[in-house]
Amino acid sequence: MKFHLHVGVIEAESEQALNEALTIARCEARVLARLAPNVAVLERGDTQLVIAALRELGLHPKVMQ
């Protein structure tokens, strides 16, 4: 049994969009779980990496805390 206390959830419009975001941030191998094809659970730090990578590309992800 594993407990992850500090996780982030990323929900994208599609599975392809999610996969692209994870690849850009080099986090695709560190996904803790896929709740749906377009929803991934990552450690909070990895979620921050995805957000930063998308912002560097000029995108504006909606971030909820």
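Because the structure is predicted, anything quoted here is derived from the model rather than measured.

Engineer: Break down the layout of surface pockets for me, citing the residues and quoting the values.
Structural biologist: Of the voids in this model, the largest pocket is the one considered here, and its volume is about 760 Å³. Forming the walls of the largest pocket are 25 residues, and the residues nearest its centre are V9, I10, E11, P61 and K62. For the lining of the largest pocket, the elements supplying multiple residues, two or more each, are β1 (7-11), α1 (15-24) and α2 (44-56). It is α2 that provides the largest number of residues to the lining of the largest pocket, a total of six residues. Here the lining of the largest pocket is composed, by residue class, of 15 nonpolar, five polar and five charged.

Engineer: Describe α1, and please don't skip the residues or the numbers.
Structural biologist: Residues of α1 that are buried: L18, A21 and L22. Burial along α1 is one-sided: seen end-on, the buried residues are contained in an arc of 95°. Contacts from the buried residues of α1 go to β1, β2 (33-36), β3 (39-43) and α2. Positive backbone phi, approximately 55°, marks R26, located one or two places after α1.

Engineer: How would you sum up the sheet that holds β1? Please name residues and give values.
Structural biologist: Two modes of strand pairing occur in sheets, parallel and antiparallel, and in both the strands are linked by backbone hydrogen bonds. Strands sit in the order β1-β3-β2 across an open sheet of three strands; the sheet is antiparallel. The open sheet has two edge strands, β1 and β2, and neither has a second partner. For this sheet the average axis-to-axis angle between neighbouring strands, irrespective of direction, equals 25°. When β1 meets β3, the two strands line up antiparallel, connected through five bridges. From the neighbouring strand, I10 faces β3, where its bridge partner is A40. On top of the sheet, α1 reaches β1, β2 and β3; it is set at about 155° to β2, its chief contact. Packed onto the sheet, α2 meets β1 and β3 and runs at close to 115° relative to β3.

Engineer: Can you break down the environment of A17 residue by residue, with the values?
Structural biologist: Within the secondary structure, A17 is located in helix α1. The sequence separation of A17 and G58 amounts to 41 residues, and the corresponding C-alpha distance is 15 Å.

Engineer: Please set out the pairing of β2 residue by residue, giving values where relevant.
Structural biologist: Taken together, the three bridges between β2 and β3 define a ladder with antiparallel strand orientation. Looking at the pairing, A36 lines up with V39 of β3. As consecutive antiparallel partners, β2 and β3 are separated by two residues.

What counts, and where the lines are drawn
- Residues numbered from 1 in each chain as written.
- Predicted model: local features only at pLDDT ≥ 70, side-chain atom pairs only at ≥ 80, totals over all residues.
- Heavy atoms only, no water.
- 1 Å grid on protein atoms, 1.4 Å probe; cavity = no way out; pocket = protein on both sides within 12 Å on 5 of 7 lines; lining within 4 Å.
- Points joined across faces, edges and corners; volume = space filled by probe spheres on them.
- Helix = DSSP H or I, 4+ residues; strand = E, 2+ residues; numbered from the N terminus.
- Nonpolar A, V, L, I, M, F, W, Y, C, P; charged D, E, K, R; others polar.
- Buried < 20%, exposed > 50% of the residue type's maximum accessible area, 1.4 Å probe, protein only.
- Arc of directions from axis to C-beta.
- Contact = heavy atoms within 4.5 Å.
- Pairing = 2+ DSSP bridges.
- Axes fitted to C-alpha atoms, helices over the stretch in contact; angles between N-to-C directions.

None of this, on its own, says anything about what the molecule does.
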